[in-house]
Amino acid sequence: MEPFITFKNVTKTYRMGEVDIHALSGVNFCVEKGEFAIVVGPSGAGKSTILNVLGGMDSCDGGTITVDGNLISDYNRKQLTAYRRSDIGFVFQFYNLVQNLTALENVELASEICKNPLDAAKTLDMVGLSERKGNFPAQLSGGEQQRVAIARALAKNPKLLLCDEPTGALDYQTGKTILKLLQDTCKETGMTVIVITHNQAITGMADRVIEVKNGLVSSMHINEHPVPVQTLEW
Ligand SMILES: Nc1ncnc2c1ncn2[C@@H]1O[C@H](COP(=O)(O)OP(=O)(O)OP(=O)(O)O)[C@@H](O)[C@H]1O
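Conventions and cut-offs
- Residues numbered from 1 in each chain as written.
- Predicted model: local features only at pLDDT ≥ 70, side-chain atom pairs only at ≥ 80, totals over all residues.
- Core = buried A, V, L, I, M, F, W, Y, C linked by C-beta atoms within 7 Å.
- Buried ≥ 20, exposed ≤ 12 C-beta atoms within 10 Å, placed from the backbone.
- Helix = DSSP H or I, 4+ residues; strand = E, 2+ residues; numbered from the N terminus.
- Contact = placed C-beta atoms within 7 Å.
- Near = placed C-beta within 6 Å.
- Nonpolar A, V, L, I, M, F, W, Y, C, P; charged D, E, K, R; others polar.
- pLDDT = per-residue confidence, 0-100.
- Pairing = 2+ DSSP bridges.
- Right-handed = clockwise from strand over helix to strand, strands pointing away.
- UniProt positions renumbered as here; feature names shortened; annotations may be inferred.

**Student:** Lay out the nonpolar core in plain terms, naming residues and giving numbers.
**Tutor:** Ranked by internal contacts, the top residues of the largest apolar core, which has 66 residues, are V39, V107, A151, L162, C163 and V193. When residues in this core are grouped by element, the largest group, seven residues, is from helix α5 (residues 142-155). Once residues within four sequence positions are removed from consideration, A151 is found in contact with V107, T123, L124, M126, V127 and L129.

This is how it looks when you write it as structure tokens:
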């Protein structure tokens, strides 16, 4: 059977005036359904570009990307919009919450636009924020705001949760609790979760580790025994 996600020889070049920047130079990897996968690599390696083309926020120039049996690299703009809206949950480094909406309203906003949403209040319960539903983002800590962002992504009931440096703006301990939440969510709901990071030290918690260097996957391995994030130090 085909893996849940497959990248085959994926290329992406950005043109900056006269200069071509080869962000992806033939990327190959796969991820199975329900896995917690980490894409790791140094700055400029191409991690965000991988996430952008996988999440339908950008298109690749060459190669093929399949997700759940669909050839998304062939999608037109309209298909990509529908795919982003209903199939993908995004979690970003800087939360991207709407400041004049409460935590609950932020989550509802996402669930209103997709086909089979989960109950907004329940997803806030899932991330441990049931007491803070009525608070505005400015009344919440960074870690709490990231929990709202995760609830917002989960409320869409997506096929795939994509997280770009989700702990990048958080302190060490709060970062760990957010990673634990993502790992637990993956295990409890069976959702496929992909986390992008430059932090090599957290790779031990992943089911699958995809290392990216200079626009290429330099290695991919499976952890037979992923460890709880609490046991990792960096
Ligand atoms: N929109 C763009 N226009 C031009 N060049 C871009 C664009 N987006 C990315 N690049 C370039 O493509 C390469 C890969 O960038 P990408 O953001 O994917 O790397 P990254 O591994 O996510 O890095 P970081 O960890 O610093 O975010 C870099 O050389 C970057 O400068």
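Picking up after the structure, the text goes on.
**Student:** An account of the site of the ligand is requested, with residue identities and associated values reported.
**Tutor:** Near the ligand you find 13 residues, and of these Y14, A23, S43, S48 and T49 are the closest. Those elements that provide at least two residues to the shell around the ligand are β1 (5-16), β2 (19-31) and α1 (47-54). When residues of the shell around the ligand are assigned to their parent elements, the largest contribution, three residues, is made by α1. Grouping the amino acids of the shell around the ligand by side-chain chemistry returns five nonpolar, seven polar and one charged.

**Student:** Help me get a handle on the environment of F4, residues and values and all.
**Tutor:** Position of F4 among the secondary structure elements: in the segment before β1. Taking the C-alpha atoms as reference points, F4 and D61, separated by 57 residues in sequence, lie 21 Å from one another. Among all residues touching F4, those that are not within four sequence positions of it are V31, E32, K33, D68 and T192.

**Student:** Which residues make up the confidence of the model for the protein chain, and what values go with them?
**Tutor:** On average, residues of the protein chain score 94 in pLDDT, and 100% of them are at 70 or above. Per the prediction output, this complex has pTM 0.94; the corresponding ipTM is 0.95.

**Student:** Kindly report on the pairing of strand β8 (residues 192-197), identifying the contributing residues and their values.
**Tutor:** In terms of burial, β8 is largely enclosed, as six of its six residues are buried. Here β8 shows two buried faces, one formed by T192, I194 and I196 and the other by V193, V195 and T197. As paired elements, strand β3 (residues 36-40) and β8 share five bridges and run parallel to each other. Bridge assignment links I38 to a residue of β8, and that residue is V195. Alignment of strand β7 (residues 160-164) against β8, held across five bridges, turns out to be parallel. By the bridge assignment for β8, L162 is matched with I194. Read as a crossover between parallel neighbours, the route from β7 over helix α6 (residues 172-189) to β8 is right-handed.

**Student:** Please set out the pairing of strand β4 (residues 62-67) residue by residue, giving values where relevant.
**Tutor:** Two elements, β1 and β4, share five bridges in a ladder whose sense is antiparallel. Paired with I5 across the two strands is V67, which belongs to β4. Sheet analysis places β4 next to strand β5 (residues 70-71), joined by two bridges and oriented antiparallel. Along β5, the bridge assignment pairs T66 with L71. Here β4 folds back onto β5, and the loop between the two strands holds two residues, one of which, D68, carries a positive phi near 55°.

**Student:** Can you lay out the UniProt feature "domain: ABC transporter" (unreviewed entry) in the protein chain for me, pointing to particular residues and giving the numbers?
**Tutor:** In this numbering, the UniProt entry assigns the feature "domain: ABC transporter" (unreviewed entry) to residues 5-234. Helix makes up 29% of residues 5-234 and strand 29%, whereas the separation of the span's terminal C-alpha atoms amounts to 30 Å.

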